[in-house]
Amino acid sequence: MPAPDYLTLLFGRYRETPETRPFVTLDIGAKGGRPIALSGSESMRMTHWMRTMHDGILVGSGTAVGDDPQLNTRHIPAGEPHEAPTPIVLDSGLRMSVGCKLVRNYDMGRGVGKQPWVVGVLPSEEKGAWEDRRKALENVGVKVLVLDGVGLKEMLGVLRKAGIERLMVEGGARVIKSFLDASDVADTLLITTAPVLVGEDGVGWSASGSMKLEVVETRMEGRDNVVAFFARSSAV
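So, how was this worked out
- Residues numbered from 1 in each chain as written.
- Predicted model: local features only at pLDDT ≥ 70, side-chain atom pairs only at ≥ 80, totals over all residues.
- Heavy atoms only, no water.
- UniProt positions renumbered as here; feature names shortened; annotations may be inferred.
- Helix = DSSP H or I, 4+ residues; strand = E, 2+ residues; numbered from the N terminus.
- Buried < 20%, exposed > 50% of the residue type's maximum accessible area, 1.4 Å probe, protein only.
- Contact = heavy atoms within 4.5 Å.
- Areas by Shrake-Rupley, 256 points an atom, 1.4 Å probe, with all protein chains shown as cover.
- Phe/Tyr/Trp six-rings, centres within 6.5 Å; stacked < 30°, edge-to-face > 60°.
- Lys NZ or Arg CZ within 6 Å of the ring centre and 35° of its normal.
- Pairing = 2+ DSSP bridges.
- Axes fitted to C-alpha atoms, helices over the stretch in contact; angles between N-to-C directions.
- Salt bridge = Lys/Arg side-chain N within 4 Å of Asp/Glu carboxyl O.

The name given to the chain in an unreviewed UniProt entry is 2,5-diamino-6-ribosylamino-4(3H)-pyrimidinone 5'-phosphate reductase, and the organism recorded there is Roridomyces roridus. What UniProt records for the chain under Pathway (unreviewed entry) is the sentence "Cofactor biosynthesis; riboflavin biosynthesis."

Dropping the structure here:
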């Protein structure tokens, strides 16, 4: 089963890449806090196809530590040619475990997982412990990108210079909120809704910024509803 046509058309608009940042897709689902299996097989496969249309896939340290995700394309049917994205963890304190699935998958090779990247922030104090964690990650094959300070646009600029032209952001809640608050760094949003009530563990997004959105696609993927938006302020 090939990639859905509407995804190919949706991301076909990403042509001339901005010089200062990648094109950014926000993939919005549950708000996080603990892992919840909500997506059906069809929408999960759609998400993995969407990953192939980006150079990198970003999560925060809370998701990396709490969920231990794989961030690969294992739900794409065998034999379908595709490119997997680079898994990227926004982890200022370098909390990611050297034994996590991202590291183990990369160590296995054979297309199981690409080299994971971690974006860290050089601390002003206690640099010794931070450098020890950095060396431990690098020793197991992780590429560590270092920022001088916490800043979303700075981070995007570093990723752009490192060759990431299309970035998919999958969570968690704090990371998604930071992109929504910034207002001018997201180009496409996809919201997937599953027919499951989970109370306080459900979607709980809010943003202090202002973003004008245009609905460009609404689809049913199996039992789940997928709505895609363009950010009108995006310079694409």
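Enquirer: In this structure, what is going on with the overall build of the chain? I would like to understand it.
Expert: Secondary structure assignment for the chain yields 7 helices and 9 strands. By residue count, 44% of the 236 residues in the chain fall in the buried class. For the chain, contacts bridging at least 24 residues in sequence account for 79% of all contacts bridging at least 6. For the chain, the accessible surface area stands at approximately 11,900 Å², while carbon and sulfur atoms represent 49% of it.

Enquirer: Just to check I follow, could you spell out the packing of aromatic side chains for this structure?
Expert: Two numbers describe a pair of aromatic rings. These are the distance of the centres and the angle of the planes. Applying the stated criterion to the full structure yields 2 aromatic pairs. Ring pairs connect the aromatic residues Phe-11, Tyr-14 and Phe-23, which therefore count as one cluster. Against the face of Phe-230 rests Arg-13, its NZ or CZ located 3.6 Å from the ring centre. In this arrangement the basic side chain of Lys-143 is found over the ring face of Trp-117, its NZ or CZ atom lying 4.2 Å from the centre.

Enquirer: Help me out: how do you make sense of the sheet that holds strand β5 (residues 143-147) in this one?
Expert: Hydrogen bonding along the main chain pairs the strands of a sheet, whether they run parallel or antiparallel. Taken together, the 9 strands give an open sheet; going across it, the order is β5-β4-β3-β2-β6-β1-β7-β9-β8, and neighbouring strands pair in mixed fashion. Each edge of the sheet is formed by a strand with only one pairing partner; in this case those strands are β5 and β8 (213-221). Within the sheet, the average angular offset between the axes of one strand and its neighbour, ignoring direction, is 20 degrees. The pairing of strand β1 (residues 23-28) with strand β7 (residues 188-193) spans 4 bridges and is parallel. Looking at the pairing, Thr-25 lines up with Thr-188 of β7.

Enquirer: Is there a simple way to think about the pattern of salt bridges in this case?
Expert: Pairing is possible between side chains of opposite charge, provided their charged atoms come close. Considering all chains together, one arrives at 8 salt bridges under this definition. Arg-134 is the partner of Glu-138 in a salt bridge, and the nearest nitrogen-oxygen pair spans 3.4 Å. Within this pair, Glu-138 and its partner Arg-134 are both found in helix α5 (residues 127-139), separated by 4 residues, close to a single helical turn. Of the charged contacts, one joins Asp-224 and Arg-223 as a salt bridge, the two residues approaching to 3.4 Å between their closest N and O atoms. Among the charged side chains, a network of salt bridges with common partners joins Glu-131, Arg-134 and Glu-138.

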